[in-house]
Amino acid sequence: MKSEKTLTPKLVKKLWLAFIGLVLLMGASYIFITGYFANKHSQETTQRLNAEVANHVIAEKFNGASPFMEDGSVNKALFGDLMHDMMAVNQSIEVYLLGKSGEILYSVVLDPEDKDAAKNVDLIPIESFIADGGTRFILGDDPRNPGEKKIFSAAPYSVDGHEGYIYIVLAGKKFQEVSDNLMSQYFTRLGVGATLLTMLFSVIIGLLAIWFITKNLRLITRTVRKFHDGDLKARIAHPEKSDIEVFAKSFNEMADSIVSNMDKMQSIDQLRRELIANVSHDLRTPLAVLKGYIETLQIKRDSLTEEEKDEYLQITHDNVDKLSNLINQLFEYSKLEAEQVVPVKEPFSITELSHDLIAKFRVIAQKKEIELELDNPEENCLVFADVSLVERALQNLIENAIKYTEPKGKVTLALHKKGKNVEINITDTGTGIPVNEQPYIFDRYKQVDKSADSKKQGHGLGLAIVKKIMDLHDTTITVLSKPKEGSSFIFNLPAYQM
Ligand code: ADP
């Protein structure tokens, strides 16, 4: 079996690149989101845990010892000890003594020389922290890094007429250093781990996905190849279940139409061969007759009576007529068959045309003692069609009706307005057509009972031409016939409304 490459290496490469790109993007987003929330989670936990620290400082240290000297200045000795003690226990915190309006009164972490350090702390976050009892996650100013926001604990004090706040930054400089360091290590490990895992999963999932996606494609490719190799019955089973349903169905439809076109072409070819065989036969007979009579006339010119000569000449004349008739019909039919005839539709009076045709065929009908009649109760019927094509069709139908009707019979051409159409009906009281033959009489070279009266035998082209003319007018012709009773050929043409 040939190897089945459903997807080209180029497409596979593109799919892989897209897949890896997607996976990496997802991995990066995942790491970023995890980092962000992990950081937030740790900060929130720290703030909740240490929410009461500022309160404790006030309760423990300001009880009995004032943070202010008698002259109102800050008791730096007391405060310095306090801050150093606290920060020795928990290196991540930084303690500030704030005045009533948020001005920084003292802190051991602030370098008095540092011009960049803040002089004030925004009171809004502090007040909402106190109001909520420290239960809400709020960020406040970091005096050492103005512009940055940090988690904090705060509590108000009121000692010796001094009011203000103890403000403790919970994630101070030390915390930040340790956290940043750990974070970068954590990120590196997470990044490497996540990348490796993602790569592994992407390879597994990618292979599985490509296998699944191409499963249906492989089936279709196999079927198309079978069809290509000559198995015309190859079709995709259950196309509605395929992932690429439209494609599968389209292939099946395409295969059906290829097969049906092939059948059609084969049958056209078969008919063409039959036509050639029949035409040659039809041409040979009158030609042989002609040749025979002409030779007789040439050889026996002197011994023949005048009557005999006239009779022989009449026979040759009839055969020439037959020949030219056949050639004309063949020519006409082949033009119609090759779709070279474009109908030129125009309004015309079918009543007038019928009168003309009846007049034309009256002599032939009278010769056979057949009554030929026009039944047209409406005065003048106008139709919209190609006048010469309709004339040709009516001519063929009347000709047949007269040909297949016995003497004393009757042929009627009836015109009746029916809604937006005019119904045209050619009825005879002739031989009729056997029911089983009726569906085939419009096919080329179909003649009912070939052995019948040879005089009546035509070439089987008359009705085929009529059928083609009907097709060009988007209408159909129906035959109603009973053997020995007669036949009716009925068709409609669009009436012309003035
Ligand atoms: P043909 O040249 O043989 O008449 P047509 O195509 O005109 O060819 O007709 C096909 C066949 O249909 C005829 O051979 C004849 O058997 C049958 N047929 C056509 N018209 C009539 C009719 N009015 N009455 C009986 N048979 C008919």
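Residues numbered from 1 in each chain as written. Predicted model: local features only at pLDDT ≥ 70, side-chain atom pairs only at ≥ 80, totals over all residues. Heavy atoms only, no water.

Scored by pLDDT, the protein has a mean of 86; 95% of the residues are at 70 or more. Of all helices and strands in the protein, the one with the weakest mean pLDDT is helix H3 (residues 76–89) (80), whereas strand E12 (residues 486–494) scores best (97). A low-confidence stretch, residues 449–456 (pLDDT under 50), is modelled with eight contacts involving residues beyond four sequence positions or located in other chains. (pLDDT = per-residue confidence, 0-100. Helix = DSSP H or I, 4+ residues; strand = E, 2+ residues; numbered from the N terminus. Contact = heavy atoms within 4.5 Å.)

For the rest of this paragraph, the subject is helix H8 (residues 350–367). For H8, which comprises 18 residues, the first-to-last C-alpha distance of 26 Å matches the rise-based estimate of 26 Å (1.5 Å per residue) to within 8%. Along its length, H8 reaches its greatest deviation from straightness, about 40 degrees, at Phe 361. Along H8, the residues classified as buried are Ile 350, Thr 351, Leu 353, Ser 354, Leu 357, Ile 358, Phe 361 and Ala 365. Immediately downstream of H8, the backbone of Glu 369 shows phi near 55 degrees, a positive value. (Expected span 1.5 Å × (residues − 1). Bend = angle between axes of the 7 residues up to and from the residue. Buried < 20%, exposed > 50% of the residue type's maximum accessible area, 1.4 Å probe, protein only.)

Here the focus is the environment of Asn 400. Tracing the backbone through its elements, the reader meets Asn 400 in helix H9 (residues 387–403). Along the chain, Asn 400 and Glu 94 lie 306 residues apart, while their C-alpha atoms are 120 Å from each other.

For the rest of this paragraph, the subject is the sheet that holds strand E5 (residues 162–169). If you trace the five strands from one edge of the open sheet to the other, you get E2-E1-E5-E4-E3, paired in antiparallel fashion. Lying at the two open borders of the sheet, with one neighbouring strand each, are strand E2 (104–106) and strand E3 (139–141). Averaged over neighbouring strand pairs, the angle between their axes works out to 45 degrees when direction is ignored. As judged from the eight bridges shared by strand E4 (residues 149–159) and E5, these two strands associate in the antiparallel manner. In the sheet register, Tyr 157 faces E5, and the bridge partner there is Gly 164. Most of the contacts of H3 go to strand E1 (residues 94–98), to which it runs at about 150 degrees, and overall it touches E1, E2 and E5. Contacts from helix H4 (residues 123–131) reach E1, E3, E4 and E5, with the element oriented near 75 degrees to E4. (Pairing = 2+ DSSP bridges. Axes fitted to C-alpha atoms, helices over the stretch in contact; angles between N-to-C directions.)

Okay, the packing of aromatic side chains next. Per the counting criterion, the structure on display carries ten aromatic pairs. Taking 6.2 Å as the distance between ring centres and 20 degrees as the angle between the ring planes, the aromatic pair formed by Phe 384 and Tyr 496 counts as stacked. Note that Phe 384 is positioned in strand E8 (residues 382–385) and Tyr 496 in the segment after E12, a separation of 112 residues in sequence. Phe 384 gets classed as partly exposed once you look at its relative accessible area, which sits at 33%. For Tyr 496, a relative accessible area of 33% puts it in the partly exposed group. Residues Phe 442 and Phe 489 carry aromatic rings whose centres are separated by 6.2 Å and whose planes lie at 85 degrees to one another, so their mutual orientation is edge-to-face. On the criterion of sequence distance, the pair formed by Phe 442 in the loop between strand E10 (421–428) and helix H10 (462–472) and Phe 489 in strand E12 is long-range, its members being 47 residues apart. Here the aromatic cluster, defined as three or more aromatic residues joined through ring pairs, consists of Tyr 96, Phe 129, Phe 152 and Tyr 167. (Phe/Tyr/Trp six-rings, centres within 6.5 Å; stacked < 30°, edge-to-face > 60°.)

Spatially, E7-E9-E10-E12-E11 is the arrangement adopted by the five strands of the open sheet, whose pairing is mixed. Since the sheet does not close on itself, it has two edges, and those belong to strand E7 (371–375) and strand E11 (477–482), each with one partner. Along the sheet, successive strands turn relative to each other by an average axial angle of 15 degrees, direction set aside. With eight bridges joining them, strand E9 (residues 410–418) and E10 adopt antiparallel strand pairing. By the bridge assignment for E10, Leu 413 is matched with Ile 426. Taken strand by strand, H8 contacts E7, E9, E10 and E12, and its axis lies near 175 degrees from that of E7. The strands touched by H9 within the sheet are E7, E9, E10, E11 and E12, with E10 carrying the most contacts at an inclination of about 25 degrees.

This part covers H10. Helical geometry note: an α-helix holds 3.6 residues per turn, so side chains three or four residues apart project in the same direction. Three or more residues of H10 are buried, namely Gly 462, Leu 463, Ala 464, Ile 465, Val 466, Ile 469 and Met 470. Among the structural elements, helix H7 (306–337), H9, E11 and E12 are those in contact with the buried residues of H10. Positioned one or two residues after H10, Asp 474 has a phi angle of 50 degrees, which is positive.

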